[in-house]
Amino acid sequence: MAKKKKRLRKRRRRRNTHGPVGAPPGSLTVQEDAQPTRASVIAYDESEITEHVVEKLDDVGGALERWRVTWLDVVGLADLDTVRGTGRLFDLHPLALEDVVHPHQRAKVEDYPSGVFLVLRMPSVDDDDGLELEQVSVFFGESYVVTFQEHEGDCFEPIRNRLRQRRGRLRKNGADYLAYALLDAVIDAYFPAVEAYGERLEDLEDRILEDPREKHVSELHAVKRDLAGIRRAVWPLREAVNLMLRDENPLLTADTRLYLRDAYDHTIQLVELVESHREIASGLLDVYLSSVSNRMNEVMKVLTIIATIFIPLSFVAGLYGMNFDPQASPYNMPELGWRYGYPAALGVMLSIALGMLWFFRRKRWL
Amino acid sequence: MAKKKKRLRKRRRRRNTHGPVGAPPGSLTVQEDAQPTRASVIAYDESEITEHVVEKLDDVGGALERWRVTWLDVVGLADLDTVRGTGRLFDLHPLALEDVVHPHQRAKVEDYPSGVFLVLRMPSVDDDDGLELEQVSVFFGESYVVTFQEHEGDCFEPIRNRLRQRRGRLRKNGADYLAYALLDAVIDAYFPAVEAYGERLEDLEDRILEDPREKHVSELHAVKRDLAGIRRAVWPLREAVNLMLRDENPLLTADTRLYLRDAYDHTIQLVELVESHREIASGLLDVYLSSVSNRMNEVMKVLTIIATIFIPLSFVAGLYGMNFDPQASPYNMPELGWRYGYPAALGVMLSIALGMLWFFRRKRWL
Amino acid sequence: MAKKKKRLRKRRRRRNTHGPVGAPPGSLTVQEDAQPTRASVIAYDESEITEHVVEKLDDVGGALERWRVTWLDVVGLADLDTVRGTGRLFDLHPLALEDVVHPHQRAKVEDYPSGVFLVLRMPSVDDDDGLELEQVSVFFGESYVVTFQEHEGDCFEPIRNRLRQRRGRLRKNGADYLAYALLDAVIDAYFPAVEAYGERLEDLEDRILEDPREKHVSELHAVKRDLAGIRRAVWPLREAVNLMLRDENPLLTADTRLYLRDAYDHTIQLVELVESHREIASGLLDVYLSSVSNRMNEVMKVLTIIATIFIPLSFVAGLYGMNFDPQASPYNMPELGWRYGYPAALGVMLSIALGMLWFFRRKRWL
Amino acid sequence: MAKKKKRLRKRRRRRNTHGPVGAPPGSLTVQEDAQPTRASVIAYDESEITEHVVEKLDDVGGALERWRVTWLDVVGLADLDTVRGTGRLFDLHPLALEDVVHPHQRAKVEDYPSGVFLVLRMPSVDDDDGLELEQVSVFFGESYVVTFQEHEGDCFEPIRNRLRQRRGRLRKNGADYLAYALLDAVIDAYFPAVEAYGERLEDLEDRILEDPREKHVSELHAVKRDLAGIRRAVWPLREAVNLMLRDENPLLTADTRLYLRDAYDHTIQLVELVESHREIASGLLDVYLSSVSNRMNEVMKVLTIIATIFIPLSFVAGLYGMNFDPQASPYNMPELGWRYGYPAALGVMLSIALGMLWFFRRKRWL
Amino acid sequence: MAKKKKRLRKRRRRRNTHGPVGAPPGSLTVQEDAQPTRASVIAYDESEITEHVVEKLDDVGGALERWRVTWLDVVGLADLDTVRGTGRLFDLHPLALEDVVHPHQRAKVEDYPSGVFLVLRMPSVDDDDGLELEQVSVFFGESYVVTFQEHEGDCFEPIRNRLRQRRGRLRKNGADYLAYALLDAVIDAYFPAVEAYGERLEDLEDRILEDPREKHVSELHAVKRDLAGIRRAVWPLREAVNLMLRDENPLLTADTRLYLRDAYDHTIQLVELVESHREIASGLLDVYLSSVSNRMNEVMKVLTIIATIFIPLSFVAGLYGMNFDPQASPYNMPELGWRYGYPAALGVMLSIALGMLWFFRRKRWL
């Protein structure tokens, strides 16, 4: 109970997607749970690559001129000076920076004169807290990509490795292709998360079919709510990729556009997967309800049958338990003195019981 | 009960969004609950600012020429002369003025030759009456902003302070930016209101899971109805901001447009927040229903089990309560005279009870 | 019952929105319930006005030339010659005339070479029959407005008065403004009708919360059906006004267009009001259902508790009502001869009852 | 049962809307239930008309040149040679001819270089089989209309009569107007069919309100399914007419377009009528369900009340039926020997019964 | 149970529609269940045709130049070298090849500079596993068609036969017509699959109406889930065909476009068929639920009636089973000593029973 409450509290706190009410737009404030900031840079061209932690932001300016593509990765949003400095260095718009430091935005893509601003939500499944959606903000221009992450830990390690290994298309292409690769990595990271819910649903189905219990309903509702959360994260992502695809932004080469079309395809598959899981969850709720009502009906049927068989029998027994005085009148319960009175009474009871059973059988209630 | 009725009455009365039936369009009438009118002016340019209560409307004309931006704020709509005078001074269209004095309009934006007319609904949560949505009408042109409010008390104080402090972008930008800032303040004011409903829902969820009662249903319905009301207020707001954004109105500078895009983003988040709360409320109703039916099933199961165990036992007891005369015939209830008749009867009863219990246990009804 | 049937019959008969099956398009036939025809004319320019009943249609031709705007109002559709004559006089299209005499069309606007044709449905609430929607057909051109109504009685009297009093914009504007004013009057007439349903819903809510009965359901269904009917009338009206607004018809001046935008706003409010009432009605149905099932649960709980308490007690009583012969054997019900046998039995019963009550209390069933 | 099954079988068989799987597109095959073919021709201009059965297709070629409009009506699709010959004569596309001989297509309109191809579904209500939708394929060009029907019997007789009588617009207009007239006749033929379902629904409502039975549910489901079928037929018809209306095909004169707009209006009314019937049917299902559950509740309430009144009474009776021996001890049921013991017991019972009744009355269960 | 689980596992595994998470886009990996690869070629022009298994891919290059149309059919995706070689030979895009070897994509059509890429899902009903949807990837250009299939066995045999027989349009047309023919064959293959579900639904309806059981619900849910799966396969197919139709791709001749329009028609029919089956399935669920609750009501009614008749009778019997001592007082159960006491008691019981029956009959509960 308490844990659930805590989770809900957390979820609610997260909704604070902009600065304090009344603050001027574009003003940056540190979020309660912001992590310490650490920045690192990977810069490369087709033949060479360099990678180091950033100590002074001014050094990055040099890299920008020296290398074909410079990727500045800022993790943790507690140090607003670094954020502001990065903003100045790459000429990022204050409103975009506001979205960076007030996370939990919807996924979106926005064109600014100085480049493209992407907000993504990177999923990571955590055993305790369920699905976490960390905001990743991506800016890219002609020769740079800047990413802001909330926490350490991301799904970009394979991309870094591909960069280091000088294999594949990454090193041959520009900043737009790197930005695409990051976007693609985020999209791909959703699949295992969504499939984990698929497995939970299968597991739930097995358990519900075996023995439907109320806790399954709350579990189903939790899964449905989480899936609704993923859906709210995935739909805007799909829209954003589509917008990027249709947009005539010259920063994107025709070749990258083909890859982006592929990423768009993946977002559609993702949306369909989520929708199909939601349908399965709804179907399971129906299965549960019909199981429970079926079980209830079975219980009631047994009650009915036992009760309706014994109620007339008890009546007959009660009848011959009456104390009318046979001595006072020959009409007073003469059966009590008959030779075969008791066997006859037992016989009547047996006939009633058998008749009832035959009636129930004919009605297919048994 | 009575209070609820009163609330409904009030709600209904508010629906009167235009003049009396049959009145010519554009005619102004005082609403029943109109407040006394008070007008004040804030005028500023980048270097200076003045602020005073308006006593004669003609003085405002001078301010218009002297200052870069003049903001006339009219609070209370009882004095139609002031409204009409303001209309003449700023060349406001009669239809727009009609919307000003007959509040409870949907949020909207309309272009008139003399400027842009915005209708907003400013939320304020009141402990007794639930959510209040006060209409704020905003006109703006090249160098002026005129606002009409129904009551004292608004969410614009932070903006006034920012103006006075000569900090930030407000003093450097024109009337369009001030209008944007007012719009943004109204949008921001919705978030705490909607989040309050989120907290009520969490609270309700805790209480329903603990002990589902009928009053929770009516409370849920009240929350759903209020959320539907907010939704009806927020959707047109979103549309209006979108329309303003896409519109080619030259009064809006490119820079203000960027900020407006941000405001549009906030309205989308607001709509999603409301929708997600509505979904949670619907989910809670399902949880409640399945809780109640579950509890009912548990009750019925206990009845079934107790009844089905005791009904056959009572039958056996009734059987041996029959008064067939053992003296009249050796076939008449000879068991009554057996040495171990009573213990045997008790044993039969015990066997029946245990058999039943075993049967129920096997069926997983216990 | 019979009355309901009659109402349904009537409703069905009204669906006959075109001539007999197989009749050529554009052929006019008198409807069963057509009223006798009466035509009157109001003609005016800014300085003068004339108003009289039409005896010969040819006289109207003269008015057309003399006055700036001529409004011919034909009430009752029994006299097809008048309708045909009017059609010839104003060059109205046969298909439009067919729609005039076969009422119960959807609201619509159609451009014909000779002018604009509007079909409106004017609401009037009647205590016996519920909502009546009378068809009003409006034609207007450069200098004329022709209206056809089914019955006497309309919502245009305030417009006539404004015309007579030479006040406001009506006398200064052309035929398009008069047509707008008629349209606006029809739209305004819906509000009290819809609000009457709002009051019925409030009343129903009070009664359902107090004591839910089945008749409330049929009343709710009747309200929902009527609201669905209004919705079917109002949606096309909204579409028609929107079409008129977006259409480039030169008959509408820019000024009238501003007023039409206002009318369009009102239709949107109307649609929202109807939708919100429909939602409230659906919500009430849920409230009713949960009330009823709650009440049922309460009844069942009482049965369960009384039955489960007394069934074991009755069993004990039945047990000691058995007639095993204590004389025949010391094992046969020796309790019957114990000094405190009866008080002990009563004590056992009391313990069972109290134990049960404690159990129910612990389970929160009491 | 068997009949229902048969009906379903038939319905399924009809779904075969194209040639055998694997057949090349455009190949014609005779359907199982194809009727023998009979062709007739009506050819006319404004002054003259001729009408005869076609014996050799070549004769039709002469008519085409002689008359302004030639209408070839082919009834029955068993003779593929006639269909192919007609196709050659009028230059009809093989894919269109395939649609002609494999009926049960959706309504549609298709432009081919040689003319316009319309697929319509003509309704006819049959007492045994419910609604039949016969496919009518219409081709028209500059001077000809070709129709293919599945069976004898159609709704075109009034058109033939209007042609013969040289009245109205038909004789004065071209082939496009004739095609419109046929389309209009088909649309008009839906109204009585749909209204018949309206009457069945009214009848069902009366019967459900009087005495809700399970068979009403299956009847309701049958009506809903049929209405869904009509809806599936009518929606594409509406789309097709709309497409025709918006299309710039030069075969349609401006005048015919006005009439087509009228026909489009009728299809909208049709769609609304069907939707409104579907809503009524859904509403009736709710009414049925709430009636049934209400009746069930009433039954349960009676059980509860009778049971809860008599169970305690029976317990009291059972109590004094115990055989504790008053002689053995003064504590053993001394009541049995009291002077007013029996009347007192009866009094206790009566008090319990009255108390219960008062309790139920207070709870409003009675 | 176990089988069901297995089926679910399989379904989940299939969702893996792209390479391992983190792999660069366009990288090919062999799927677990990939079949050995076999390639064959059919090449033809109007007069001649050749058909052989491919041993070296280079030979295909020769065919490409010699014949008007070359169809390379690759079955089984285990041999990535063949796939890559084919890609090089026909200049297929790496992203498209990735989609080829990671099957279970949505149906789609994509334009690449070198030709058109179609992803189709070919249905085949298998008795054990239900519906299988095998992915067929089709590339076509000016003079070639390349198809990739997952398994042996397809629905293209009739097309091969039509090619061999030099009949019909296939041999006379280009590669675009062959691609259309393959697409059409896949679409046609859905119809028997969907109709099989129609038959299962009919069968289920018969069984539910006869004797509703819980297993029918799970069967219905299985059918609904499968239909939802088909729907998810068919909707994108419809979209893809529509996109191809509207697209201005010069590879498609005007003539093929007419045939494609026909194929599009078939996809619409398919979608409608699936939707209509889904509606029928939902309707059946309602029928089942109302059947079950009806049956339950019937059971409860019998319980009610038997119980309510016998409970008062048993009370009367219990009353006269009390042991008040008639000797102790004249008020103690004098009835027991009356001459007609017993018959009178029986008479009272009979009257109660008959009164109850009359009451139930009047209430129409019997």
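S.K.: What is the right way to read the overall build of chain A from this model?
M.R.: Counting secondary structure elements, chain A contains 9 helices and 7 strands. Its C-alpha radius of gyration of 36 Å places chain A more than 25% over the 21 Å reference for a compact globule of 366 residues. Taken along the three principal axes of its C-alpha coordinates, chain A extends 125 × 45 × 30 Å. When the 366 residues of chain A are sorted by exposure, 58% land in the buried category. Pairs at least 24 apart in sequence give 67% of the contacts found in chain A among residues at least 6 apart. Summed over all atoms, the accessible surface of chain A reaches about 15100 Å², with 52% contributed by carbon and sulfur. Treating the 49 positive side-chain charges of chain A as one cloud and the 56 negative ones as another, the clouds have centres 7 Å apart.

S.K.: Could you clarify how one ought to interpret the interface of chain E and chain A in this entry?
M.R.: By a widely used convention, the size of an interface equals the accessible area lost when the partners come together. At the junction of the two partners, chain E supplies 63 residues and chain A supplies 63 residues. Counting every contact that joins chain E to chain A gives 4 salt bridges. Where E:Glu110 meets A:Arg261, a salt bridge forms, and the shortest distance between an N and an O atom there is 3.6 Å. One can count 15 residue pairs in polar contact (both at pLDDT 80 or more) joining chain E with chain A. When contributions to the side of chain E that touches chain A are tallied by element, the ones reaching two or more residues are α1 (2-14), α4 (94-101), β4 (108-112), α7 (214-246), α8 (254-319) and α9 (341-362) of chain E. In terms of residues, the side of chain E that touches chain A owes the most to one element, α8(E), which gives 16 residues. When the residues that make up the side of chain E that touches chain A are grouped by side-chain class, the tally is 33 nonpolar, 11 polar and 19 charged.

S.K.: Sorry if this is basic, but what is going on with the interface of chain D and chain E here?
M.R.: Residue-level contacts link 63 residues of chain D with 62 residues of chain E. Taken over both partners, the interface formed by chain D and chain E buries close to 5700 Å², and the fraction arising from carbon and sulfur atoms is 60%. One can count 4 salt bridges joining chain D with chain E. Counting the contacts that link chain D with chain E gives 15 residue pairs in polar contact (both at pLDDT 80 or more). Every element with two or more residues in the side of chain D that touches chain E is listed here: α1 (2-14), α4 (94-101), β4 (108-112), α7 (214-246), α8 (254-319) and α9 (341-362) of chain D. Broken down by element, the residue count for the side of chain D that touches chain E peaks at 16 residues, all from α8(D). Its residues placed into classes, the side of chain D that touches chain E shows 33 nonpolar, 11 polar and 19 charged.

S.K.: Please clarify how the packing of α4(D) against α8(E) should be interpreted in this entry.
M.R.: Any two packed helices are characterised by the angle at which their axes cross and by the distance between the axes. Between α4(D) and α8(E), the shortest axis-to-axis distance is 10 Å and the interhelical angle comes to 25 degrees. When the interaxial angle is binned, α4(D) and α8(E) end up roughly parallel. Here α4(D) contributes D:Leu95, D:Glu98 and D:Asp99 to the contact with α8(E), which in turn contributes E:Leu258, E:Tyr259 and E:Asp262. Here the residues of the contact of α4(D) with α8(E) are counted per class, giving 3 nonpolar, no polar and 3 charged.

S.K.: Please explain the confidence of the model for chain A as it appears in this structure.
M.R.: Segments scoring low in pLDDT should not have their predicted coordinates read at a detailed level. Residues and elements named next belong to chain A. Averaged over every residue, the pLDDT of chain A is 85; residues scoring 70 or more account for 92%. The least confident element of chain A is helix α1 (residues 2-14), whose mean pLDDT is 44; the most confident is strand β7 (residues 144-149), at 95. Here residues 1-15 scores under 50 on pLDDT; set against residues more than four positions off or in separate chains, the count is 27 contacts.

S.K.: Would you mind showing me how to read the pattern of salt bridges here?
M.R.: Pairs can form between side chains of opposite charge whenever their charged atoms are close. Residues and elements named next belong to chain D. Inspection of the entire model under this criterion finds 100 salt bridges over all chains. With a shortest N-O distance of 2.6 Å, Glu-51 and Arg-164 are connected by a salt bridge. Of this pair, Glu-51 sits in strand β2 (residues 49-53) while Arg-164 sits in helix α5 (residues 157-164), and the two are 113 residues apart along the sequence. We classify Glu-51 as partly exposed; its relative accessible area is 41%. By relative accessible area, which is 34% here, Arg-164 ends up partly exposed.

S.K.: Where do I start with the arrangement of the chains in this structure?
M.R.: Across the gap from chain A to chain C, with no contact made, the nearest C-alpha atoms are 9 Å apart. Contact between chain C and chain E is absent, and the minimum C-alpha spacing across the pair is 9 Å.

S.K.: Just checking my understanding: could you explain the nonpolar core for this structure?
M.R.: The tendency in soluble globular proteins is for nonpolar side chains to be buried as a group. Formed by 140 residues in total, the largest nonpolar core has its most connected members in A:Tyr320, B:Tyr320, C:Tyr320, D:Tyr320 and E:Tyr320. Here D:Tyr320 is in contact with C:Tyr342, D:Met333, D:Glu335, D:Leu336, D:Ala345, E:Gly321, E:Met322, E:Asn323 and E:Phe324, once residues within four sequence places are set aside. Of all hydrophobic cores here, the second largest spans 97 residues; its members include C:Phe140, C:Ala185, C:Tyr190 and C:Val241.

S.K.: Whenever I open this one, the packing of aromatic side chains confuses me. Can you help?
M.R.: Think of a pair of aromatic rings as described by two things: how far the centres are apart, and how the planes are tilted against each other in angle. For the structure on display, the rule yields 65 aromatic pairs over all chains. Considering the side-chain rings of C:Tyr177 and C:Tyr259, the 5.4 Å spacing of their centres and the 80 degrees angle between planes classify their relative orientation as edge-to-face. Note that C:Tyr177 is positioned in helix α6 (residues 175-210) and C:Tyr259 in helix α8 (residues 254-319), a separation of 82 residues in sequence. Residues D:Trp71 and D:Phe156 carry aromatic rings whose centres are separated by 6.3 Å and whose planes lie at 65 degrees to one another, so their mutual orientation is edge-to-face. Of this pair, D:Trp71 sits in strand β3 (residues 69-75) while D:Phe156 sits in the loop between β7 (144-149) and α5, placing them 85 residues apart in sequence. The exposure class of D:Trp71 is buried, given its relative accessible area of 1%. The cationic tip of A:Arg261 hangs over the ring face of E:Tyr112; the distance from NZ or CZ to the ring centre is 4.9 Å.

S.K.: Looking at this structure, how should I read unusual backbone geometry?
M.R.: Excluding glycine, most residues fall at negative phi; most peptide bonds, likewise, are trans. Positioned with a positive phi, A:Asp91 is a non-glycine residue whose angle comes to about 60 degrees. Position of A:Asp91 among the secondary structure elements: in the loop between α3 (80-90) and α4 (94-101).

S.K.: Can you walk me through α4(E) in this structure?
M.R.: Each α-helix winds once per 3.6 residues, and so residues spaced three or four apart point in a common direction. Within α4(E), 7 of the 8 residues are buried, which leaves it mostly tucked inside the rest of the structure. Here α4(E) has its buried residues at E:Leu95, E:Ala96, E:Leu97, E:Glu98, E:Asp99, E:Val100 and E:Val101.

S.K.: Could you clarify how one ought to interpret the relation of the copies chain E and chain A in this entry?
M.R.: There are two copies of the chain, and a rotation about an axis plus a shift along that axis relates them. Between the two copies, chain E and chain A, the superposition gives an RMSD of 0.1 Å; the rotation angle is 72 degrees and the shift along the axis is 0.0 Å. Interpreted geometrically, this transformation is the action of a five-fold axis. For chain E, the residue whose C-alpha comes nearest the rotation axis is E:Gly321, separated from it by 4.6 Å.

S.K.: Got a minute to help me understand the side chain of B:Asp73 in this structure?
M.R.: All names here are of chain B. With respect to the helices, strands and loops of the structure, Asp-73 is situated in strand β3 (residues 69-75). By relative accessible area, which is 4% here, Asp-73 ends up buried. A polar contact is formed between the side chain of Asp-73 and the side chain of Thr-147, at a distance of 2.7 Å. Among the polar contacts listed, one links the side chain of Asp-73 to the side chain of Gln-149, at a separation of 3.2 Å. Apart from the residues within four sequence positions on either side, Asp-73 is in contact with Arg-38, Ala-39, Ser-40, Thr-147, Gln-149, Asp-154 and Arg-160.

S.K.: Looking at this structure, I do not really get the relation of the copies chain D and chain E. What am I missing?
M.R.: It takes a turn of 72 degrees to lay chain D on chain E, together with a shift of 0.1 Å along the axis; the resulting RMSD is 0.1 Å. Different-surface contact between copies: only 11% of interface residues of chain D are shared with the interface of chain E.

S.K.: Hey, could you run me through the pairing of strand β3 (residues 69-75) of chain C in this one?
M.R.: Within a regular beta strand, the side chains point alternately toward one face of the sheet and then the other, so they alternate between its two faces. All names here are of chain C. Summarising burial for β3: 7 of the 7 residues are buried, a large majority. Inspection of the sheet shows strand β1 (residues 38-44) paired to β3 by 7 bridges, in the antiparallel sense. Of the residues in β3, the one forming a bridge with Ala-43 is Thr-70. Pairing analysis gives 6 bridges linking β3 to strand β7 (residues 144-149), with the strands arranged parallel. Along β7, the bridge assignment pairs Trp-71 with Val-145.

Scoring rules and cut-offs
- Here, residues in each chain are numbered from 1, in the same order as that chain's written sequence.
- Chains carry letters from A onward and ligands carry numbers from 1 onward, assigned in written order.
- Side-chain atom pairs in this predicted model are given and counted only at pLDDT of 80 or more, local residue features only at pLDDT of at least 70, and totals for whole chains, interfaces and linings cover all residues.
- Side-chain metrics in this entry use all non-hydrogen atoms of the structure; hydrogen atoms and water are not considered.
- Here a strand is any run of E in DSSP of at least two residues, a helix any run of H or I of at least four, and the numbering for each starts at the N terminus.
- Note on method: radius of gyration uses C-alpha positions; expected globular size equals 2.2 Å times residues raised to 0.38.
- To sort residues, take the accessible area from a 1.4 Å probe on protein chains only and compare it with the maximum for the residue type: under 20% means buried, over 50% means exposed, and anything in between is partly exposed.
- Contacts were defined at the residue level, with two residues in contact if any of their heavy atoms lie within 4.5 Å.
- Note on areas: Shrake-Rupley, 1.4 Å probe, and residue coverage restricted to the protein chains presented here.
- In summary, the charge assignment counts Lys and Arg as positive and Asp and Glu as negative, without counting His or the chain termini.
- Charge positions come from single atoms, namely NZ of Lys, CZ of Arg, CG of Asp or CD of Glu.
- One side-chain nitrogen of Lys or Arg within 4 Å of one carboxyl oxygen of Asp or Glu is enough to make a salt bridge.
- Within 3.5 Å is the distance limit for a polar contact, defined as a pair of N or O atoms, with the added protein rule that one can donate a hydrogen and the other accept it, and that residues adjacent in sequence qualify only through two side-chain atoms.
- For this classification, the nonpolar set comprises Ala, Val, Leu, Ile, Met, Phe, Trp, Tyr, Cys and Pro, the charged set comprises Asp, Glu, Lys and Arg, and every other residue, Gly included, is treated as polar.
- Defined in terms of a 1.4 Å probe, buried area is the accessible area two parts forfeit on being brought together, summed over both.
- Here an angle of 0 to 180 degrees is reported between the N-to-C directions of two axes, which are lines fitted to C-alpha atoms, with helices fitted over the stretch in contact.
- Here is the rule for angles: anything less than 35 degrees is roughly parallel, anything more than 145 is roughly antiparallel, 65 through 115 is roughly perpendicular, and the remaining ranges are oblique.
- pLDDT expresses how confident the predictor is about each individual residue, on a scale running from 0 to 100.
- We call a set of buried Ala, Val, Leu, Ile, Met, Phe, Trp, Tyr and Cys residues a nonpolar core when their side-chain atoms join them within 4.5 Å.
- When the centres of two rings from Phe, Tyr and Trp lie within 6.5 Å, Trp using its six-membered ring, the rings pair. Their planes under 30 degrees apart give stacked, over 60 give edge-to-face, and anything left gives tilted.
- Each ring is checked for a lysine NZ or an arginine CZ that lies within 6 Å of its centre and within 35 degrees of its normal; such an atom marks a charge sitting over the ring.
- Copy-to-copy superposition: least squares on the C-alpha atoms, limited to residues that have pLDDT of at least 70 in both copies.
- Paired strands, as defined in this entry, are two strands with at least two bridges between them according to DSSP.

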